[in-house]
Structure formats: C-alpha cells, structure tokens
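Chain and residue survey
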Amino acid sequence: MASGVGACSQGHTTASPWPRLSWHGSGLPAPAGQRAVVRAATWCDGQWVVVGATADAGSRTRPAVWVSTDARTWRTLTLHPGSDFYTAREILTSVACSHGRLALLGAKSGGAHGMPRTATWRQRPDGSLAAVSAPYVLFGGTESVGVAGLDGGPDGYAVTGSRTSGAAIWQSRTGASFRLYDGAPGLTSTSRIRTQANDALPFGDGWMVAGDVTEESGRLRGVTWTGDGDGPWTRLELPGGSSVSTADRLVATPVGPDAAGLLDRGFGLWTLSHGAWRVAETFGTTDPEGTAARYVSGLAAAGGLVAATYSDGARFRLWMGRDQPMPVEVSVDGDRTATVASHGSQVLLLTDDDRVGQAWLATVPRPTQ
C-alpha cells in the first residue's frame, strides 16, 4: 500500500545517495476492448497476486485477479461472484494472504443512495476465489462510515474501517466469514475524541491497527491500537507535528512495525522502539496547489529497506530515502492510484492512470556505506 524507500527501523539512515531502481513494466491481460484496473498486490504461496478489475469503454467493471511468479507473465484466476448484482461488478481493492491462502475485499457503489456494496472473497481448494455471502449491514447499513482494507497474518484476516461508533475491525480465521467488532474499549470513539481505522498488521497475539483521532479542538492525530476482537485495545500516539499527523499505513520490518502518514506539510515514517513510536524519517511535501487528498497509499519493506507511495494532493510520488521518479506519472485526479508490495529484496509498484493499469518490478539494492 505509498511511495518511498528508506533504511529499515535500525537507524533509518539516508546518509548515502540512493541509486535509482531499474523498473521492468508489464501489462496485465484483459478481454478485448477492456483495460486492467489495478488496486493492490501481495506475495502469497510463491507468486505475486494483483487485484482490481477489468473495465470497458463505458466504465463497466468486473472483478479480476492476476498472478505471476516473475511479475512478467501474468495469468488470471477464476472468480465466482455468485448471483449478487454488485459483487459481479465490483472493483477488488485489497488482497491478503494467510497460510498460503488468499482473501479479497472489494466494493461497488450502487442502490438508491449510491453507497458502496462491500464483499469479501475466500479461496477455494482449486485456487479459484468465491464471494462470501453476507448481510449488507455487516459492512454497510446506517452505522457504516467506511471500509479501509484487508490484511492477513498467522491467525487469519482482519478488515479495518470505521462505523458511527468509531474505529472498527472485522476478523476471520479462515476468510469464510467475518465478525464485526465495533464499540470495543479503547478502539471506539469517546465524548472527547473521534476515531477511525485505516490499516492493520499482525502484532503479538492479536493485531495492530493504524488510524486517526480527531480531538475536540479539531486536531487530527495519528495513532495505533493493539489488541484483539472485543478488546480492550491499547492506544499509542504518533509523536511530532504541530498541526496534523495521520497513521495511514503499517508495515512489518525485521525489527518491528513501521507506520507512515501525513506530518504537517509533509509525510512521516515512524518506528516502534521500546514500546513507543518515534519519528524515523520525514519525506516529501504536500502540493499547495493540489486539490485531492494527501495520504500515504502504500508501504512495503524490501531488502532491509522501506518503500512508500504517497499522494501530495496533485500526483502520486515515490520516496526512497529521497523522492525518486516514478516510471510513469500518475495524477490523483479521478480513479487513479499507485501503491507498492514487496517480497524479499523485490518491490512491486502498481500504477493506474485511468488509461492503463501496470505492474513494475525492481530489485532494491542495499545502500552503499
């Protein structure tokens, strides 16, 4: 999930110049007259997995999943959306892996009020993926604020998002069904703060959730919570910033979790050290002329380094110890995105400029001493 690469939590040093990555781009197969829409990627069971959709000239979409062992030659996985009108037309926005099995999250807006119709998918023994039948109110309904994303770990899967009660998490051991936990102590909003959840990763015997709290003064502050299910959840604030900070993305590194998000007029990378967050790096600046949202769209750890993609309000950027050129320019206008995933020393960058969705692979060299 943002644009950057810096040294991992042991020091986060940028003393040496960073070489440019050499990107190999590849297209993703789509039916004649349609294009690939890419949204997220992961490594699972010996192969890259990219999810999104295909779209025709009239912007009619169908969910799609592509897999590849080398990020050069891709094939599609069979999907079974069932009979639901919206599921058969949704865009897959998240993919997660647990014990070599995939789970997916997607949505399609529609109905009288144009609300997102969210669905999860589980992997069958034959490798295909089937939509999970669930009541609309599990992810939607009058108490829904938004669904952020899906993550996997040794104990299954977690979906993060927000309800009218505040930050929420949905959990599943197998991906076959999810249970909603909202109003959990420590995670829920209170009379003094409003909470929302953006991302998660496995942590200890449960999960770490990244998100934001809006204080009574209106100050937006990045936080994380650790816990499981009904809680209680323990909150930690991300230090730094005089006006705004957010916790948009989390990533596991060999020495612990890192978080990334807005930090005043730029962006920050935090590392967890001795039970407290500290600012490890600052990077990028927001575009004062930009009219779109500013946020970290992807975060990955590769070859002892951390990579991030981010929106500065006008276009997506790639940061690697310093800002680096993207292989293609992607503005933040409309239905466009850029994000990253990793495996070993490899980084997979996804770009979608609303004309073509592409996957770009690079091997991250270690910094020279």
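Residues take numbers from 1 onward in each chain, read along the sequence in its written order. For a predicted model such as this one, the threshold for reporting local features is a pLDDT of at least 70, and the threshold for listing and counting side-chain atom pairs is 80 or more; totals across whole chains, interfaces and linings nevertheless cover every residue. Side-chain figures throughout are based on the complete set of non-hydrogen atoms in the structure, without hydrogens or water.

**Topic: the environment of W277**
A run of H or I in DSSP becomes a helix once it reaches four residues, and a run of E becomes a strand once it reaches two; helices and strands are each numbered from the N terminus. Relative to the elements of secondary structure, W277 occurs in strand β23 (residues 276-285). The spatial distance from the C-alpha of W277 to the C-alpha of G240 is 9.9 Å, given a sequence separation of 37 residues. Throughout this description, a polar contact denotes any pair of N or O atoms lying within 3.5 Å of each other; where both atoms belong to protein, one of them has to be capable of donating a hydrogen while the other can accept it, and for residues adjacent in sequence the pair is counted only when both atoms sit in side chains. Looking at W277, its side chain comes within polar contact range of the side chain of T224, at 2.9 Å.

**With respect to the sheet that holds strand β6 (residues 75-76)**
In space, the four strands of this open sheet follow the order β3-β4-β5-β6, with antiparallel pairing throughout. One side of each edge strand has no neighbouring strand; the edge strands of this open sheet are β3 (35-44) and β6. Two strands are counted as paired when DSSP detects at least two bridges linking them. Alignment of strand β4 (residues 47-55) against strand β5 (residues 61-68), held across eight bridges, turns out to be antiparallel. Along β5, the bridge assignment pairs V49 with V67.

**Points about the packing of aromatic side chains**
Working definition: a ring pair exists when centres of Phe, Tyr or Trp rings (six-membered ring for Trp) sit within 6.5 Å. Plane angles under 30 degrees give stacked, over 60 give edge-to-face, the rest tilted. All chains considered together, the criterion is met by eight aromatic pairs. Taken together, a centroid distance of 5.3 Å and an interplanar angle of 35 degrees make the contact between F139 and W170 tilted. Here F139, found in the loop between β11 (129-131) and β12 (144-153), pairs with W170, found in strand β14 (residues 166-172); they are 31 residues apart in sequence, far enough to count as distant. A single burial state applies to F139 and to W170, both of which are buried. On the numbers, 4.5 Å between centres and 45 degrees between planes, the contact of F267 with Y310 is tilted. Working definition: with a 1.4 Å probe on protein chains only, accessible area under 20% of the residue-type maximum means buried, over 50% means exposed, and in between means partly exposed.

**Side note on the pairing of strand β28 (residues 337-343)**
With five of its seven residues buried, β28 lies for the most part within the structure. As judged from the seven bridges shared by β28 and strand β29 (residues 346-352), these two strands associate in the antiparallel manner. Bridged to A338 within β29 is T351.

**A few points about the state of the cysteines**
The disulfide criterion used throughout: a pair of cysteine sulfur atoms within 2.5 Å. One pass over the structure, following the stated rule, counts one disulfide. Each sulfur of the disulfide joining C44 and C97 lies 2.1 Å from the other. Every disulfide takes its handedness from the sign of the S-S torsion; for C44 and C97 that torsion is 65 degrees, giving right-handed. Here C44, found in strand β3, pairs with C97, found in strand β8 (residues 91-98); they are 53 residues apart in sequence, far enough to count as distant. Assessed through its relative accessible area of 2%, C44 is described here as buried.

**A short note on the nonpolar core**
To form a nonpolar core, buried Ala, Val, Leu, Ile, Met, Phe, Trp, Tyr and Cys residues must be joined to one another through side-chain atoms within 4.5 Å. Formed by 20 residues in total, the largest nonpolar core has its most connected members in L21, W23, F316, M326, V347, L349 and V364. If you list the elements that add at least two residues to this core, you get β24 (294-302), β25 (305-312), β26 (316-319), β28, β29 and β30 (357-363). Pairs of residues are marked as contacts when any of their non-hydrogen atoms sit within 4.5 Å. In contact with V347, not counting residues within four places along its chain, are W23, A302, A307, V340, A341, S342, W360, L361, A362 and V364.

**Looking at the confidence of the model for the protein**
For every residue, the predictor assigns a confidence score, pLDDT, that lies between 0 and 100. Per-chain confidence: the protein averages 92 in pLDDT, with 93% of residues scoring 70 or above. Counting interchain partners and residues more than four positions distant, the pLDDT-below-50 stretch residues 1-16 has 78 contacts.

**Regarding the side chain of T246**
By secondary structure assignment, the location of T246 is in the loop between β19 (234-237) and β20 (249-253). Among the polar contacts made by the side chain of T246, one reaches the side chain of D248 at a distance of 3.2 Å. The contact partners of T246, leaving out residues within four places of it in the chain, are D212, L220, G222, L238, A260, G261, L262 and W270.

**Thoughts on the environment of V347**
Counting through the fold element by element, V347 comes out in strand β29. Look at V347 and you get buried, because its relative accessible area is 2%. C-alpha of V347 to C-alpha of T363: the two residues are 16 residues apart in sequence and 6.3 Å apart in space.

**Focus on the sheet that holds strand β2 (residues 24-27)**
Judged by pairing direction, the sheet is antiparallel, and its four strands sit side by side in the order β2-β30-β29-β28 without closing on themselves. Strand pairing shows two members of the sheet lacking a second neighbour, β2 and β28, which therefore form its edges. The mean angle between the axes of side-by-side strands here comes to 25 degrees, regardless of whether they run parallel or antiparallel. Fitting a line to C-alpha atoms yields each axis, with helices limited to the stretch in contact; the angle taken between N-to-C directions then spans 0 to 180 degrees.

**As for a nonpolar patch on the surface**
Together, M115, Y136 and V137 make up an exposed nonpolar region whose accessible area comes to about 270 Å². Topologically, Y136 is positioned in the loop between β11 and β12. By relative accessible area, Y136 is classed as partly exposed at 38%. Here the term patch refers to residues with relative accessible area over 30% and no salt bridge, with like charges joined within 9 Å and nonpolar side chains (Val, Leu, Ile, Met, Phe, Trp, Tyr) within 5 Å. Values of accessible area rely on a 1.4 Å probe in the Shrake-Rupley scheme; residue burial ignores everything except the protein chains shown. Salt bridges are defined as contacts in which a side-chain nitrogen from Lys or Arg sits within 4 Å of a carboxyl oxygen from Asp or Glu.

**Focus: the pattern of salt bridges**
Inspection of every chain in the model, using the stated rule, returns 14 salt bridges. Note that R192 and E216 form a salt bridge whose closest N and O atoms lie 3.7 Å from each other. Within this pair, whereas R192 is found in the loop between β15 (179-182) and β16 (193-203), its partner E216 is found in the loop between β17 (206-215) and β18 (220-227), the two being separated by 24 residues in sequence. Each member of the pair, R192 as well as E216, carries the same accessibility label: exposed. Among the ionic pairs, E237 bridges to R235, the shortest N-O distance being 3.6 Å. Overlapping salt bridges bring together R35, R39, D335, D352 and D354 as one network.

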